[in-house]
Amino acid sequence: MSLIVTGTLGIDSIETPTGSAQRVPGGSAAYFSAAASAQGPVRLVGAVGEDWPEEHRSVLSSFREIDLAGLEQRGGSQTFAWGGRYHDNMNVRDTLFTELGVLEEAPPSVPESFRDSRYVFLANSHPGVQNSFLDQLPDRALTVLDSMDLWIEIANADLHALIARVDGVMLNDSEVQQLTGIGNPYSAGRRILEMGPAFVIVKKGEHGAILVHEDGVATMPAFPVALEGVVDPTGAGDSFAGGFMAYLNRVDRCDLEALKSALAWGTVTASRTIEAFGLEGLRGLDMPALEERLDVFRSATHFE
Ligand code: AMP
């Protein structure tokens, strides 16, 4: 079994109603791999520029199960950078800036030692980069795609072509609506299944997530966290994906029942991310800590 991700490695600047963090390590692939590494090894492929701070490498290296052999640092290039500001309820955020940098250059290449990867996650990035990644991974057992508003807007045709190539799509509720023009997430999910994938996961922030699968549907609430406990929601979606994919890779299954369990693993993983700024909430996360939250989650969702 082998789990691999490509996506952004970014320099994030975040403002919340109660605090801020400037130029901290972030990016979709960073959150995904830090989250997945709580369950086992994960291979990371991504590019950064010469401005990438050395401390950011140390932070990623401190998550020992992340294999950084696919991380390319490019002289003369700029690292992806993103800024976001959250509203009072922490559910809504505005993007303050997105500097694409290396994302506008040639995609990073997959090292030879990673080419046998089977569980593949396309974290948020340019659809062109995501497409080229798939071309380099012939042994894929499961491929899941994440995307977002920017790419639906500026690379719509590329994104549609990519959706036809993957097994699963993960988007939040507003993105699903933007992609399909349909407001109801079950109907929108079914429309996406018509484009090719076997399942769609619609993330709904503090309201959990739903799974629309060709064999049935499932709903999963969010882990109960009071607003006072939410420090920074950045990366919750990517961390959810990390917990979800790491579970499937570990059990080496992708049937509907396995996907339902994976939703729970993704949910408890993301609940850690939002408790601190940047990647800090994921620090020290391991199987016993995940199992402890799963017990709380099971008892909160179980009924006679
Ligand atoms: P999330 O909160 O799960 O949507 O993920 C936030 C992370 O995604 C931040 O660390 C950003 O650096 C990164 N990000 C923001 N915009 C984009 C984009 N257009 N493509 C890829 N990654 C992005």
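Parameters and conventions
In this convention, every chain numbers its residues from 1, walking through the sequence in written order. At least 70 in pLDDT is required for a residue's local features to be given in this predicted model, at least 80 for side-chain atom pairs to be given and counted, and no such filter applies to totals for whole chains, interfaces and linings, which use all residues. Working from all heavy atoms in the structure, the side-chain values ignore hydrogens and water. The pairing criterion for strands is at least two bridges between them, as found by DSSP. Note on conventions: DSSP H or I runs of at least 4 residues are helices, E runs of at least 2 residues are strands, and numbering of each starts at the N terminus. Axes here refer to lines fitted to C-alpha atoms; in helices the fit is confined to the stretch in contact. Angles between the N-to-C directions go from 0 to 180 degrees. The contact rule is simple, with two residues in contact once any of their heavy atoms fall within 4.5 Å. Here a Phe, Tyr or Trp ring, Trp counted by its six-membered ring, pairs with any other such ring whose centre lies within 6.5 Å, and the pair is stacked when the planes are under 30 degrees apart, edge-to-face when over 60, and tilted otherwise. Exposed residues in this analysis have more than 50% of their type's maximum accessible area, buried residues have under 20%, and partly exposed residues fall in between, with area computed by a 1.4 Å probe over protein chains only. In this scheme, the term charge over a ring applies when either NZ of a lysine or CZ of an arginine sits within 6 Å of the ring centre and within 35 degrees of the ring normal. Using only the protein atoms, space was sampled on a 1 Å grid; points where a 1.4 Å probe fits but cannot get out form cavities, open sets with protein on both sides within 12 Å along at least five of seven lines form pockets, and lining residues are those with an atom within 4 Å of a point. Grid points are joined across faces, edges and corners, and a volume is the space filled by probe spheres set on the points. All amino acids are sorted into three groups, where Ala, Val, Leu, Ile, Met, Phe, Trp, Tyr, Cys and Pro are nonpolar, Asp, Glu, Lys and Arg are charged, and the leftover types, Gly among them, are polar. Orientation labels follow simple angle bins: below 35 degrees gives roughly parallel, above 145 gives roughly antiparallel, 65 to 115 gives roughly perpendicular, and whatever is left gives oblique. In these notes, residues near a molecule or strand are those with any non-hydrogen atom within 4 Å of it. Here a polar contact means two N or O atoms within 3.5 Å. Within protein one must be a hydrogen donor candidate and the other an acceptor candidate, and residues neighboring in sequence count only if both atoms are side-chain atoms. Method for areas: the Shrake-Rupley scheme with a 1.4 Å probe, in which residue coverage is limited to the protein chains shown.

Draft legend 1. Region of interest: the sheet that holds strand S2 (residues 10-16). Taken in spatial order, the 4 strands line up as S3-S2-S6-S7 in an open sheet, and their pairing is mixed. Every interior strand has two partners, whereas the edge strands, strand S3 (19-26) and strand S7 (93-99), have only one. Averaged over all pairs of adjacent strands, the angle between strand axes in this sheet comes to 15°, irrespective of strand direction. Strand direction decides the pairing type here: S2 and strand S6 (residues 80-86), joined by 6 bridges, are parallel. Bridge pairing in S6 links Gly-10 to Phe-80. Helix-sheet contacts for helix H2 (residues 54-62) involve S2 and S3, and the interaxial angle to S3 is about 80°.

Draft legend 2. Region of interest: the packing of aromatic side chains. Taken as a whole, this structure holds 5 aromatic pairs when the rule is applied. Each ring, one from Phe-223 and one from Phe-297, has its centre 6.0 Å from the other, and the planes form 40°; the classification is tilted. Placement of Phe-223 in the loop between strand S13 (216-220) and helix H8 (236-251) and of Phe-297 in helix H10 (residues 287-301) is noted, with a sequence separation of 74 residues between them. By relative accessible area, Phe-297 is classed as buried at 3%. What links up through ring pairs into an aromatic cluster is the set Phe-199, Phe-240 and Phe-244. Just above the ring of Trp-265 sits the side chain of Arg-250; from NZ or CZ to the centre is 4.6 Å.

Draft legend 3. Here's a closer look at empty space enclosed by the protein. A complete count under the given rule lists 1 cavity of 30 Å³ or more for this structure. Each pocket or cavity is described by its volume, and for the largest cavity that value is around 90 Å³. If you go around the largest cavity, you meet 16 residues; those closest to its centre are Ala-47, Val-102, Leu-103, Pro-108 and Val-129. Along the lines of polarity and charge, the residues of the lining of the largest cavity split into 9 nonpolar, 5 polar and 2 charged.

Draft legend 4. Main features of the pairing of strand S11 (residues 199-203). Burial runs high along S11: 5 of the 5 residues are buried. Taking every second residue as pointing to the same face, both faces of S11 are buried, with Phe-199, Ile-201 and Lys-203 on one and Val-200 and Val-202 on the other. Linking S11 back to strand S12 (residues 209-213) in an antiparallel pair, the connection comprises 5 residues, with Gly-205 at a positive phi of about 55°.

Draft legend 5. Looking closely at the layout of surface pockets. In this structure, the second largest pocket encloses a volume near 260 Å³. Every element with two or more residues in the lining of the second largest pocket is listed here: helix H9 (256-273) and H10. Across the lining of the second largest pocket, the residue classes break down as 6 nonpolar, 3 polar and 2 charged.

Draft legend 6. Just the packing of H9 against H10, in detail. In the contact formed by H9 and H10, the axes pass within 9 Å of each other and the chain directions differ by 110°. As the angle between them shows, H9 and H10 are arranged roughly perpendicular. Contacts from Ala-264, Trp-265, Thr-267, Val-268, Thr-269, Ser-271 and Arg-272 in H9 reach Met-287, Ala-289, Leu-290, Glu-291, Arg-293, Leu-294 and Phe-297 in H10. Residues that form the contact of H9 with H10 fall into these classes: 8 nonpolar, 3 polar and 3 charged.

Draft legend 7. Geometry of the site of the ligand. With respect to spatial proximity, 17 residues lie near the ligand, and among them Asp-12, Gly-27, Arg-93, Gly-235 and Asp-238 are the closest. Within the side chain of Thr-8, one N or O atom sits 2.9 Å away from a nitrogen atom of the ligand. Within the contact set of the ligand, an oxygen atom lies 3.2 Å away from a backbone nitrogen or oxygen of Gly-237. Coverage of the ligand by the protein chains reaches 93% of its 510 Å² of free accessible surface.

Draft legend 8. Looking closely at helix H1 (residues 28-36). Taken across its 9 residues, H1 has 9 buried, putting it largely inside the fold. Of all the residues in H1, the buried ones are Ser-28, Ala-29, Ala-30, Tyr-31, Phe-32, Ser-33, Ala-34, Ala-35 and Ala-36.

Draft legend 9. Fine view of the environment of Asn-184. Along the chain, Asn-184 falls in the loop between helix H6 (173-180) and helix H7 (185-193). Of the polar contacts made by the side chain of Asn-184, one reaches the backbone nitrogen of Ser-187; its length is 3.0 Å.

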